[in-house]
Amino acid sequence: MKQFIQFLLKGLAILILTMILLDVLYTTVYMQSKSRNKISYIFSSKDKDFDVVFLGSSRVNNHFVPKIFNDQGYKTFNFGITRSRLEESALMLKLMVENNYKIENLILQVDLNINTNDHSEAIRSLFMPYFHTSKTIRNHYKDIPEYNKLLYIPFYRYLHYDARVGFREFYQTAIQKPTNSLDRDGFYPLMTDKRPMVAADLSKYYPKKNKAYEEIKAICKANNINLIAMTTPMCMETINRDYFNHINKVYPEIRRFENLVTEDKYFSTCGHMNKGGAEKFTKEVFNLLFKPKSKP
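The protein is annotated in an unreviewed UniProt entry as SGNH/GDSL hydrolase family protein from Flavobacterium cheonanense.

Spelled out as structure tokens, the structure:
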């Protein structure tokens, strides 16, 4: 019996040691990464200076073309991430401020993402390699149910979020396999149109007060960032377009741009514009809210 207990204890010790070593190995590799995705870019970069930063979901990632702003003398970057929600946008902004980003204007997509205070599990996983390193990330997630497991169990975060930061992503990061995440200053154009286009149904959506949006507003106020919150276009066939009217009842300051582009030819799907639509929309937003700068 004594030998059996000793065997179990040795096995447990080897397991814990292996998990610690794997945790250190994975974290070391991820900490070297600066361009696999927009979160690793933010985490590893400091003292950036932007006239305009775009934040939001795919309805930013696919909708705002920084080059159009840049051609008018602005320095901009599209930090939109497909599938992200306002909670992830808030944490990205916190990390930018922590890394001494100077941001004059923040264009924030607030439309479909205002109907929930939930998070995106897929995008949350991308912050996990930096969980032990960043106090800001730990504080942001201090109230989630798995917080203690993430903090105290070695390698747990890589197992729990294996689909996004497990062995496959670890290997591709280790060999420095390039991605297109940062190409075109963060803009990802949709090049194909799905036809016939299926109407988006917003009948089950209802805008409500959003904790992360309130956080973003407070961060911008504290850091003298001009926050421009706006809706972005959806096809005219969208069911229950009255949803956008309710947004302004909750947050009157949100600018209404869901009708700025309306023709079907500019849409890849009902909820996402194609490259031509993104270019048209970005030009319209620029002309409405900004003026060309004199170039040096």
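Next comes the rest of the description.
Summing up its helical and strand segments, the protein has 14 helices and six strands in all. Every one of the 296 residues in the protein was classed for burial, and the buried ones make up 51%. Within the protein, contacts between residues separated by at least 24 positions form 80% of all contacts whose residues are at least 6 apart in sequence. Total accessible area on the protein is roughly 15100 Å²; 55% of this is exposed by carbon and sulfur atoms. One finds the centroid of the 43 positive side-chain charges in the protein at a distance of 4 Å from the centroid of its 30 negative side-chain charges.

Right, let's get into unusual backbone geometry. Glycine aside, negative phi is the norm for most residues, and most peptide bonds take the trans geometry. Cis geometry marks the peptide bond from Arg195 to Pro196; its omega dihedral reads 0°. Along the chain, Pro196 turns up in the loop between helix 11 (167-174) and helix 12 (211-222). Even without glycine at this site, Asn100 takes up a positive phi of about 65°. Tracing the chain through its elements places Asn100 in the loop between helix 5 (86-98) and strand 3 (102-109). Judged by relative accessible area, Asn100 falls into the partly exposed class, the value being 37%. Its identity is not glycine, yet Asn224 carries a phi of approximately 55°, on the positive side. Counting through the fold element by element, Asn224 comes out in the loop between helix 12 and strand 4 (226-230). Classification of Asn224 by relative accessible area gives exposed; the value is 69%.

Enumeration over the complete set of coordinates arrives at 28 aromatic pairs. Between the aromatic rings of Tyr30 and Tyr158, the centroid separation amounts to 5.9 Å while the plane-to-plane angle is 10°, which identifies the pairing as stacked. Of this pair, Tyr30 sits in helix 1 (residues 2-32) while Tyr158 is found in helix 9 (residues 156-160), placing the two residues 128 residues apart along the sequence. In this structure, Lys75 packs its charged tip against the face of Phe50, placed 5.5 Å from the ring centre. Just above the ring of Tyr74 sits the side chain of Lys293; from NZ or CZ to the centre is 4.8 Å.

Strand order in the open sheet formed by four strands is 2-1-3-4, with parallel pairing between adjacent strands. The outermost strands of the open sheet, each flanked by one partner alone, are strand 2 (76-78) and strand 4. When strand polarity is set aside, the average angle formed by the axes of neighbouring strands in this sheet is 15°. Pairing geometry for strand 3 and strand 4, over five bridges, is parallel. Residue Leu108 lies in a different strand from strand 4, and its bridge partner there is Ala229.

Here we take up the UniProt feature "transmembrane region" (unreviewed entry) in the protein. As annotated by UniProt and renumbered to match this structure, "transmembrane region" (unreviewed entry) occupies residues 12-31. Between the C-alpha atoms that bound residues 12-31 there is a distance of 28 Å. The span itself is 100% helix and 0% strand.

Bringing the packing of helix 5 against helix 12 into the picture now. Where helix 5 meets helix 12, the closest approach of the two axes is 8 Å, and the angle between their N-to-C directions is 20°. In terms of their interaxial angle, helix 5 and helix 12 are classed as roughly parallel. Viewed along their axes, helix 5 and helix 12 form a crossing whose handedness is left-handed. On helix 12, the residues that touch Leu86, Glu87, Ser89, Ala90, Leu93, Lys94 and Val97 of helix 5 are Ala212, Tyr213, Glu215, Ile216, Ile219 and Cys220. Split by residue class, the contact of helix 5 with helix 12 holds nine nonpolar, one polar and three charged.

The next thing to look at is the nonpolar core. Among the nonpolar cores identified, the biggest contains 81 residues, and Phe79, Leu93 and Ile107 are the most heavily contacted of them. Each residue touching Leu93, except ones within four places of it in the same chain, is listed here: Leu55, Ile103, Leu106, Ile216, Ile219, Cys220 and Ile225.

What counts and how
Residues numbered from 1 in each chain as written. Predicted model: local features only at pLDDT ≥ 70, side-chain atom pairs only at ≥ 80, totals over all residues. Heavy atoms only, no water. Helix = DSSP H or I, 4+ residues; strand = E, 2+ residues; numbered from the N terminus. Buried < 20%, exposed > 50% of the residue type's maximum accessible area, 1.4 Å probe, protein only. Contact = heavy atoms within 4.5 Å. Areas by Shrake-Rupley, 256 points an atom, 1.4 Å probe, with all protein chains shown as cover. Lys, Arg positive; Asp, Glu negative; His and termini not counted. Charge placed at Lys NZ, Arg CZ, Asp CG, Glu CD. Phe/Tyr/Trp six-rings, centres within 6.5 Å; stacked < 30°, edge-to-face > 60°. Lys NZ or Arg CZ within 6 Å of the ring centre and 35° of its normal. Pairing = 2+ DSSP bridges. Axes fitted to C-alpha atoms, helices over the stretch in contact; angles between N-to-C directions. UniProt positions renumbered as here; feature names shortened; annotations may be inferred. Parallel < 35°, antiparallel > 145°, perpendicular 65-115°, else oblique. Left-handed = near helix turned anticlockwise from the far one by under 90°. Nonpolar A, V, L, I, M, F, W, Y, C, P; charged D, E, K, R; others polar. Core = buried A, V, L, I, M, F, W, Y, C linked by side-chain atoms within 4.5 Å.

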